[in-house]
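Residues per chain are reported as follows:
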2 protein chains.
Amino acid sequence: MLMPTFAIRPAQARAPSCRSCPVRASALFGALDDETLDRVHGRIDTVRLQADALLYDAGATGSHVYTVRSGLVRLERITEAGDRRIVRLAGRGILVGPEALLRQPYGDDAVACTDVELCRIPRALLDDLGPDREPLARALMTRWQAALDDAARWNAEFGSGSSYWRVLQLLRHLVDLAPDGDPIWLPRREQIGMILGMTEETASRMISRLRREGAIEFAGPREARIDPERLEDLRRQAADE
Amino acid sequence: MLMPTFAIRPAQARAPSCRSCPVRASALFGALDDETLDRVHGRIDTVRLQADALLYDAGATGSHVYTVRSGLVRLERITEAGDRRIVRLAGRGILVGPEALLRQPYGDDAVACTDVELCRIPRALLDDLGPDREPLARALMTRWQAALDDAARWNAEFGSGSSYWRVLQLLRHLVDLAPDGDPIWLPRREQIGMILGMTEETASRMISRLRREGAIEFAGPREARIDPERLEDLRRQAADE
DNA sequence: CGAGCCGTTGAGGGGATTCAAGCTCAGTGG
DNA sequence: CCACTGAGCTTGAATCCCCTCAACGGCTCG
């Protein structure tokens, strides 16, 4: 069954400055010097999406890569059985849609989980860099490798164990993705199911249970606060059976 | 519980020739011209492993990448819950251990599924290429992207559905990985469980069922023949419920 | 205020796990 | 030669977890 994702025409604006970008150190162009950075800067737009807005469609051939400046983006795809699954989450600093650099169609739908701010980087920009391309190539490979490792970990951690355990794992991951102190993004129950491979009812039961157990507290629509120590306790407890 | 994987000291030999490599077109150095290729060739060794031999350990910092020339390699890692999971399979032409290029420790254990032949490429070789590095960088990125897409697909396809459905999916994947006409690698039942997130008993029941249904036929230890049409029939049938 | 979405909870059934026994087969040593 | 052993596979029976189907409540929005 298809989810009603709806696209919002992105409000685009020149990025304030790449030089003073808060994610510069960890960002794609972190390796470039100030001078090159200024040259690059004029061609990078800011894209703002509200929650549940579509960034791009699987199958579309885009000419842009994106870096998540703030917020959370999910990557979804449809299985051969016909149901939708979330295969990865991209938080601050993460590169989204690198396949565009290779002139390949996007492999997933990219959808905003929360309100999101992204840098939109044209593929052509990277080709134009000339001699400065080299440190960038290395930065790109590092991103790709990080994404690959993330996918593998996702696979291993979310792929086995009881539904209770998997929900615990997911919550910890969501804590890691949220800025320190901020409430986490709490997916809709159906979406938890799309991440962990369970039904929305089961997801609901597990979240309710964790609420009773004092590990999670709702903090608004799609938001929650986690008690990290409590969560760790419960994870240890569940791991020992 | 740990699997008894045992290491075999790889029999190393100079590769016959990169120029005439059967996987050259799809291989890492496919983009290089004959001349450069000959220069490169002297530094690439052939590694032969027998089934269940360890190629490298997760956490080890290696200085080599490998290309699968023949056979099948599995990538495993230990989850936080402490059980071992198989996160990806690498068949002919696939690059294994690219993180070594970034001087990062390997993220998974790499283990031979069948007898395997690999090209062992030193990290330093890529640094030494100089001006020829550029097409190579692109080839590398393409590999990384392919691996990422594979991991995401793995995630989506093996992460939901009944155990019967997931075993059907796995068998189709194994057919794709085997050379045309060759029998497929049939994992031990416990390993099917490590791939699909189920117990060995359940895996056994599903394989037995598919044998009764005429989709699979054993062809030796760890090997089997698949009837592709029958398999497709059963998949369609299972998809319609 | 009714409609629809989202979340929650219950009851029941079914599929997967657990626990267990038995089988085949290869390797080993008496 | 053959009993013995252990690993891998299969199958059965009982249990339990998760799914299915269903009803209901809170909430937002037209």
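Residues numbered from 1 in each chain as written. Chains lettered and ligands numbered in written order. Predicted model: local features only at pLDDT ≥ 70, side-chain atom pairs only at ≥ 80, totals over all residues. Heavy atoms only, no water.

Colleague: Whenever I open this one, the overall build of chain A confuses me. Can you help?
Modeller: Secondary structure summary: chain A contains 7 helices and 12 strands in total. A compact globule built from 241 residues should have a C-alpha radius of gyration of about 18 Å, and chain A, at 19 Å, falls within 12% of that. Seen along its three principal axes, the alpha-carbon backbone of chain A occupies a region of about 55 × 40 × 30 Å. The contacts in chain A between residues at least 6 apart in sequence include a share of 73% that link residues at least 24 apart. About 10800 Å² of surface is accessible on chain A, with carbon and sulfur atoms providing 48% of the total. (Helix = DSSP H or I, 4+ residues; strand = E, 2+ residues; numbered from the N terminus. Rg over C-alpha atoms; globule rule 2.2 N^0.38 Å. Contact = heavy atoms within 4.5 Å. Areas by Shrake-Rupley, 256 points an atom, 1.4 Å probe, with all protein chains shown as cover.)

Colleague: Help me understand the packing of aromatic side chains, please; the structure alone is not making it clear to me.
Modeller: How two aromatic rings sit relative to each other is set out by the distance from centre to centre and by the angle between their planes. Residues and elements named next belong to chain A. Tallying each qualifying case throughout the model produces 6 aromatic pairs over all chains. Aromatic side chains Tyr56 and Tyr106 sit 3.6 Å apart centroid to centroid with 15° between the ring planes, which places their arrangement in the stacked category. Taken together, the residues Tyr56 in strand S3 (residues 54–56) and Tyr106 in the loop between strand S7 (95–96) and strand S8 (109–112) connect sequence positions 50 residues apart. With respect to class, Tyr56 is no different from Tyr106; both count as buried. What links up through ring pairs into an aromatic cluster is the set Tyr56, Tyr66 and Tyr106. The residue whose ring lies beneath Arg209 is Tyr164, and the NZ or CZ to ring-centre distance is 3.5 Å. (Phe/Tyr/Trp six-rings, centres within 6.5 Å; stacked < 30°, edge-to-face > 60°. Buried < 20%, exposed > 50% of the residue type's maximum accessible area, 1.4 Å probe, protein only. Lys NZ or Arg CZ within 6 Å of the ring centre and 35° of its normal.)

Colleague: Could you clarify how one ought to interpret the packing of helix H3 (residues 133–158) of chain B against helix H4 (residues 163–177) of chain B in this entry?
Modeller: A pair of packed helices is captured by two measures, namely the crossing angle of their axes and the spacing between those axes. All names here are of chain B. It is the contact of H3 with H4, at a shortest axis distance of 9 Å, that shows an interaxial angle of 150°. The angle between H3 and H4 places the two elements in the roughly antiparallel class. Between H3 and H4, the contacting residues are Asp150, Trp154, Glu157 and Phe158 on the first element and Arg166, Gln169, Leu170 and His173 on the second. Classifying every residue of the contact of H3 with H4 by side-chain character gives 3 nonpolar, 2 polar and 3 charged. (Axes fitted to C-alpha atoms, helices over the stretch in contact; angles between N-to-C directions. Parallel < 35°, antiparallel > 145°, perpendicular 65-115°, else oblique. Nonpolar A, V, L, I, M, F, W, Y, C, P; charged D, E, K, R; others polar.)

Colleague: Mind showing me how you'd approach the protein's contact with DNA strand C here?
Modeller: Close to DNA strand C lie 17 residues, the nearest being Arg189(A), Ser204(A), Ser163(B), Thr202(B) and Arg205(B). The sugar-phosphate portion of DNA strand C accounts for 63% of its atoms within 4 Å of the protein, the bases making up the rest. Side-chain polar atom of Arg189(A) to a phosphate oxygen of DNA strand C: 2.8 Å apart, as the coordinates give it. Looking at the surface near DNA strand C, the elements with two or more residues in it are helix H6 (200–212) of chain A together with helix H6 (200–212) of chain B. Considering only residue class, the surface near DNA strand C consists of 3 nonpolar, 7 polar and 7 charged. (Near = heavy atom within 4 Å. Polar contact = N/O pair within 3.5 Å; in protein donor to acceptor, adjacent residues only side chain to side chain.)

Colleague: Looking at this structure, I do not really get the protein's contact with DNA strand D. What am I missing?
Modeller: Looking at DNA strand D, there are 16 residues lining it, with Ser163(A), Thr202(A), Arg205(A), Arg189(B) and Ser204(B) nearest. The contact atoms of DNA strand D, taken as those within 4 Å of the protein, divide so that sugar and phosphate hold 68%. A distance of 3.2 Å separates a phosphate oxygen of DNA strand D from a polar side-chain atom of Thr199(A). The contact in question runs from a base nitrogen of DNA strand D to an N or O atom on the side chain of Glu201(A), over 3.2 Å.

Colleague: I tried to follow the interface of chain B and chain A on my own but got confused; where do I start?
Modeller: As a measure of interface size, the accessible area lost when the parts come together is often cited. In this complex, chain B contributes 42 residues to the contact, which on the side of chain A involves 42 residues. Contact between chain B and chain A buries roughly 3500 Å² in total, counting both sides, with carbon and sulfur atoms accounting for 53%. Inspection of the chain B/chain A interface yields 6 salt bridges. Where chain B touches chain A, the interface holds 12 residue pairs in polar contact (both at pLDDT 80 or more). Secondary structure elements with two or more residues in the side of chain B that touches chain A: strand S5 (73–78), strand S6 (84–90), H3 and H4 of chain B. With 19 residues, H3(B) is the largest single contributor of residues to the side of chain B that touches chain A. Here the residues of the side of chain B that touches chain A are counted per class, giving 17 nonpolar, 10 polar and 15 charged. (Buried area = accessible area lost by both parts, 1.4 Å probe. Salt bridge = Lys/Arg side-chain N within 4 Å of Asp/Glu carboxyl O.)

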